[in-house]
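# Understanding the architecture of this molecule
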Amino acid sequence: MNINPVQIGDSVIFVDSKGYPRNAIITAVWGCNSREERDEKYTKNWNEAKEENASWATDEWLENVLRMPYNPPSLNVVYVSEDESQNDPYGRQIARSTSVSHQSVQTAPGYYWK
C-alpha cells in the first residue's frame, strides 16, 4: 500500500460518520508513514530494551512484529462544523475527530481519512 506521508498541519479529506467528505487539518499522527519507518522504530526500541535486559525483548517478539501487515497511521483532525448554527464572533466553529483510520483499513462507510 502506498500513501503519501502525512504530518501535523497537512490537509486531508475526512469522511465523517454519515459518509460526508470534508476538508480537514491534521492535529496529531498516531503511527508511522511507511512499513520501513515502522520497522525501524520497532527495531530501535527492541535493541534498546534488549540492552536493558527487558523480558519481552526476545528475537521471536521482533520477528512477529516485523511480519505484521503495515497499516497507515490514524489521525486526529479538525474541520469546520457542518452545523450552521454553530457560529461565534470568529465565524463557524470547528469540530474535531480523533483516532481516524485510513480509508484502506476502515470497514465502515465513514469515519476515515484519505
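Overview of the structure. In this convention, every chain numbers its residues from 1, walking through the sequence in written order. Local features in this predicted model are restricted to residues of pLDDT 70 or higher, and side-chain atom pairs are both shown and tallied only at a pLDDT of 80 or more, whereas totals for entire chains, interfaces and linings draw on every residue. As a rule here, side-chain values cover all heavy atoms of the structure and leave hydrogens and water aside.

### Quick look at the packing of aromatic side chains
The cut-off we apply is this: Stacked, tilted and edge-to-face are the three classes assigned to paired rings of Phe, Tyr and Trp, where Trp is represented by its six-membered ring and a pair needs centres within 6.5 Å; plane angles under 30 degrees give stacked, over 60 edge-to-face, the rest tilted.
Under the criterion given, the structure shown has 4 aromatic pairs. Relative to Trp61, the ring of Trp56 lies with its centre 4.6 Å away and its plane at 65°, an arrangement referred to as edge-to-face.

### Details of the layout of surface pockets
Note the cut-off: For each structure, a 1 Å grid was placed over the protein atoms alone; sets of points admitting a 1.4 Å probe that cannot get out are labelled cavities, open sets with protein on both sides within 12 Å along at least five of seven lines are labelled pockets, and lining residues have an atom within 4 Å of a point. Grid points are joined across faces, edges and corners, and a volume is the space filled by probe spheres set on the points. Think of it this way: any DSSP run of H or I at least four residues long counts as a helix, any run of E at least two long counts as a strand, and we number them from the N terminus. Residue polarity follows a fixed list, in which Ala, Val, Leu, Ile, Met, Phe, Trp, Tyr, Cys and Pro are nonpolar, Asp, Glu, Lys and Arg are charged, and the others, Gly among them, are polar.
Quantified by volume, the largest pocket comes out at close to 160 Å³. Considering the residues around the largest pocket, the lining is formed by Trp30, Gly31, Cys32, Arg38, Lys41, Tyr42, Tyr70, Asn71, Pro72, Pro73 and Ser74. Per-element tally for the lining of the largest pocket: the top contributor is helix α1 (residues 35–51), with 3 residues. Within the lining of the largest pocket, the residues separate by chemical class into 6 nonpolar, 3 polar and 2 charged.

### Things to note about the nonpolar core
Basically, it comes down to this: To form a nonpolar core, buried Ala, Val, Leu, Ile, Met, Phe, Trp, Tyr and Cys residues must be joined to one another through side-chain atoms within 4.5 Å. Think of it in three bands: with a 1.4 Å probe and only protein chains considered, a residue is buried below 20% of the maximum accessible area for its type, exposed above 50%, and partly exposed in between.
Val12, Leu75, Val77 and Trp113 are the most contacted members of the largest nonpolar core, which totals 13 residues. Listing elements by their share of this core, those giving two or more residues are β1 (11–15), β2 (21–30), β3 (74–80) and β6 (94–102). Among the elements that line this core, the one with the most residues is β3, at 3 residues.

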